[in-house]
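The lines below spell out each chain.
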Amino acid sequence: MKKYFSTIIICLVLAVFFVAVQLGINSGFISGYWVTNLYLVGINIILAASLNLINGFTGEFSLGHAGFMAVGAYSSAIITANLGLPFPLAVIVGMLAAAITGLLVGLPTLRLRGDYLAIATLGFGEIVRVVLMNIDYVGGASGLMGIPAMVNWPLIFFSVVLSLLLIRNFICSSHGRACLSVRENDLAAQMMGVNITYYKVLAFVIGASLAGLAGVLYAHYYTVLQPREFSFMLTFDVLVMVMVGGLGSLTGSVVGAVLITIASAFLQAIPELRMVIYAALLILSAVFRPQGLLGEKEVSLKILQKLGGVLNGTVGSKQAH
Amino acid sequence: MALLAVNKLTKAFGGLVALNNFVLEMEKGELVGLIGPNGAGKTTVFNLLTGLYQPTSGSIVFEGRDLRGRHPHQITKMGIARTFQNIRLFGNLSVLDNVKIAHQVVINYGLIPAFLRVPPFYRREAEIENAALELLEIFDLKKYAHEKAKNLPYGEQRRLEITRALATKPKLLLLDEPAAGMNPQETHDLLELIKWIRDEFDLTIILIEHDMSLVMNLCERVLVLDYGSLIAEGTPQEIQQNPRVIEAYLGDEEVAAWEE
């Protein structure tokens, strides 16, 4: 009973949040500007959590996230805008295309370590951008237009919840532990029977497919795609969210994504200073809290469980009477 | 049939021959010591046996199967486990997780149950956890189960390395300087522990060690390496009296001085 209590509490909180926001949007209480930012927060949570799976949990420093997002965004946009096929198919194609790209990029580059992997994946991201700029079928440099607007609050909400749930389930399984062991000591991991190449590539593919999902949502919210949006700066943004939240903390990524996206919304008024403030934030967090706001910890359910224990206790004693 | 048959095993790094024509046959249940001065090629033997290095020439046959060309994780699954000279635990993970990861060689489940949490997930997770806790209990580490491995005292970290290796259910255990950095009392306890795990877990053990009291009291057979070559093999008594071994350890002139 105690085990389920926290799950029930979380579901309740999420349900209340979902309904409250939906009502807020319907009644116009949440303005269009903040609805946009809300959706962006959702997309950024998916991006940050999936990058954290690669960089934080498996310990492979990848900088290719903008590239995977672009692959997801463009491939799904081709399905809906160019071919006129239904949106659910676009979601599947976008995620699959990003996953396959992740596999193709991951197999050769994951033999590299540290800085070399970072440079190789950075190069991949730039290649995607430049290639997209030169394909007329997807609009080249001027961009791909006429993508149907499909994104609404329920879609964003459930995409985020499902993505986080999938990553959490993966991390808290034998496969997730294997990824952690690769990060901790890849030599010892091999000796304990962990196929390290398999797990590095697996984490990379899962991370890439979720970045692809973020791309699908992005494309079908803004309805216009331009290659220059998927530059290195985007990966950098996501990296800041992951670092500020804490490498290796899933809830940290959520906190990081929310903080940075909202901060960035307030900084829209002074775009010149935005990157300066970003950089300062990164330096400050590296100096004063190098492990990120949450370190490797998760926003623990212990408090909730304790609360649950107390409530359960009273409920239990009432029943006993 | 021998459990392990190593024949004319040679490993060269460029022009440097780290191991030259190494020969070893082991029957099930044996406890063999591997000694030699620093840089003699002892750890190279372990790295070849576990698949970290591929041999330049020669063969390694374990339970009738050739190990050449196999990946380290495949060799672990076949039943060879090791510990490291310099401790290599998963430092930021809990003691329990360290053992669980190793035990996943024996029990595991697919990706679908992991993602969707369908029944095999809970059943197998419980099996893995129980087996890991049981092992920790045996090695008196259960009280640390939820501590980070890197926070354990040195001696306990060494013991955890052995526990983790045993969690892969090996038939052949390779211990690389398990007594390094231990005081005489701890070394004595380790000696008893190694004897006990061999009988309890039905193991065959190869031990690299510089602590001669441990090697001489524990091993039935000792091999001596010097500059990559096997220079002597025999019982501890034979080895202690072998002039080539004394020469390798103490050098030529000292031997001459002793004899005078």
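Residues numbered from 1 in each chain as written. Chains lettered and ligands numbered in written order. Predicted model: local features only at pLDDT ≥ 70, side-chain atom pairs only at ≥ 80, totals over all residues.

Trainee: Where do I start with the overall build of chain B in this structure?
Mentor: A count of helical and extended segments in chain B gives 11 helices and 10 strands. Taken over C-alpha atoms, the radius of gyration comes to 20 Å for chain B, in line with the 18 Å a tight globule of 260 residues would show. If one aligns the C-alpha atoms of chain B with their principal axes, the spans along those axes are about 75 × 40 × 35 Å. Within chain B, the fraction of its 260 residues that count as buried is 41%. In chain B, of all internal contacts separated by at least 6 residues, the share reaching a separation of at least 24 is 65%. (Helix = DSSP H or I, 4+ residues; strand = E, 2+ residues; numbered from the N terminus. Rg over C-alpha atoms; globule rule 2.2 N^0.38 Å. Buried ≥ 20, exposed ≤ 12 C-beta atoms within 10 Å, placed from the backbone. Contact = placed C-beta atoms within 7 Å.)

Trainee: Whenever I open this one, the overall build of chain A confuses me. Can you help?
Mentor: Along its length, chain A carries 13 helices and zero strands. Its C-alpha atoms give chain A a radius of gyration of 21 Å, near enough to 20 Å, the size a compact globule of 321 residues would have. Taken across its 321 residues, chain A has 46% of its residues classed as buried. Relative to all contacts within chain A whose residues are 6 or more apart in sequence, the contacts with residues 24 or more apart total 80%.

Trainee: Before we go on, may I ask you to explain the interface of chain B and chain A in this structure?
Mentor: How big an interface is tends to be expressed through the accessible area that disappears when the partners come together. Each partner contributes residues to the interface: chain B has 28 residues there, and chain A has 21 residues. Breaking the side of chain B that touches chain A down by element, the ones donating at least two residues are α2 (72-78), α3 (95-103), α4 (111-116) and α5 (119-138) of chain B. Residues that form the side of chain B that touches chain A fall into these classes: 13 nonpolar, eight polar and seven charged. (Nonpolar A, V, L, I, M, F, W, Y, C, P; charged D, E, K, R; others polar.)

Trainee: Quick question: what am I supposed to make of unusual backbone geometry here?
Mentor: Of all residues except glycine, most have a negative phi; of all peptide bonds, most are trans. All names here are of chain B. Phi at Lys-8 takes a positive value of approximately 45°, unusual for a residue other than glycine. Assignment of secondary structure puts Lys-8 in strand β1 (residues 4-13). Since 12 C-beta atoms lie within 10 Å of it, Lys-8 is described here as exposed.

Trainee: I'm lost on helix α3 (residues 65-82) of chain A in this one. Help?
Mentor: For an α-helix the count is 3.6 residues per turn, leaving residues at separations of three or four pointing the same way. Residue and element names in this part refer to chain A. Its 18 residues place the ends of α3 25 Å apart at the C-alpha level, agreeing with the 26 Å of an ideal helix rising 1.5 Å per residue. With 17 of its 18 residues buried, α3 lies for the most part within the structure. Following α3 by one or two positions, Gly-84 has its phi on the positive side, about 70°. (Expected span 1.5 Å × (residues − 1).)

Trainee: Could you clarify how one ought to interpret the nonpolar core in this entry?
Mentor: One broad trend across soluble globular proteins is that nonpolar side chains are buried collectively. Ranked by size, the top nonpolar core spans 155 residues in total, and within it Met69(A), Tyr74(A) and Ala214(A) carry the most contacts. With 17 residues, helix α9 (residues 196-222) of chain A is the single largest residue contributor to this core. Taken domain by domain, the makeup of this core includes at least three residues from each of domain 1 (4-79 + 170-259) and domain 2 (91-157) of chain B. (Core = buried A, V, L, I, M, F, W, Y, C linked by C-beta atoms within 7 Å. Domains from an automatic or database assignment.)

Trainee: Is there a simple way to explain the pairing of strand β8 (residues 204-208) of chain B in this structure?
Mentor: One face of the sheet, then the other: side chains in a regular strand alternate in exactly this way. Residues and elements named next belong to chain B. Counting buried residues in β8 gives five out of five residues, a clear majority hidden from the surface. Bridging between strand β3 (residues 31-35) and β8 involves four bridges; their strand directions are parallel. Bridged to Val-32 within β8 is Ile-206. Inspection of the sheet shows strand β7 (residues 172-176) paired to β8 by five bridges, in the parallel sense. Bridge pairing links Asp-176 to Ile-208 in β8. For the crossover that starts at β7, traverses helix α7 (residues 184-200) and ends in the parallel β8, the hand is right-handed. (Pairing = 2+ DSSP bridges. Right-handed = clockwise from strand over helix to strand, strands pointing away.)

Trainee: Sorry, what's going on with the environment of Thr44(B) here?
Mentor: Residues and elements named next belong to chain B. Within the fold, Thr-44 resides in helix α1 (residues 42-49). Judged by the 21 C-beta atoms lying within 10 Å of it, Thr-44 is buried. When the C-alpha atoms of Thr-44 and Met-216 are compared, they prove to be 22 Å apart, with 172 residues separating the residues in sequence.

Trainee: Can you walk me through helix α6 (residues 153-171) of chain A in this structure?
Mentor: All names here are of chain A. Relative to the 27 Å expected for 19 residues at 1.5 Å per residue, α6 spans 27 Å between its end C-alpha atoms, a close match to the ideal helical length. The set of residues buried in α6 consists of Ile-156, Ser-159, Val-160, Ser-163, Ile-167 and Ile-171. On an axial view of α6, the arc spanned by its buried residues comes to 95°, and they lie on one face. Residues Pro-154 and Phe-158 are exposed on α6 and point more than 90 degrees away from its buried face. Summarising the contacts, the buried residues of α6 are in contact with α2 (32-57), α7 (174-184), α9 and α11 (250-266). (Arc of directions from axis to C-beta.)

Trainee: Mind showing me how you'd approach the packing of α7(A) against α3(B) here?
Mentor: Two packed helices can be described by the angle between their axes and the distance between those axes. Their axes nearest at 10 Å, the elements α7(A) and α3(B) cross at an angle of 110°. Here α3(B) runs roughly perpendicular to α7(A), going by the angle between their axes. Taken together, the residues of α3(B) that come into contact with α7(A) (itself represented by Arg177(A), Ala178(A) and Ser181(A)) are Asp97(B), Lys100(B) and Ile101(B). By residue class, the composition of the contact of α7(A) with α3(B) is two nonpolar, one polar and three charged. (Axes fitted to C-alpha atoms, helices over the stretch in contact; angles between N-to-C directions. Parallel < 35°, antiparallel > 145°, perpendicular 65-115°, else oblique.)

The analysis is restricted to geometry; functional conclusions fall outside its scope.
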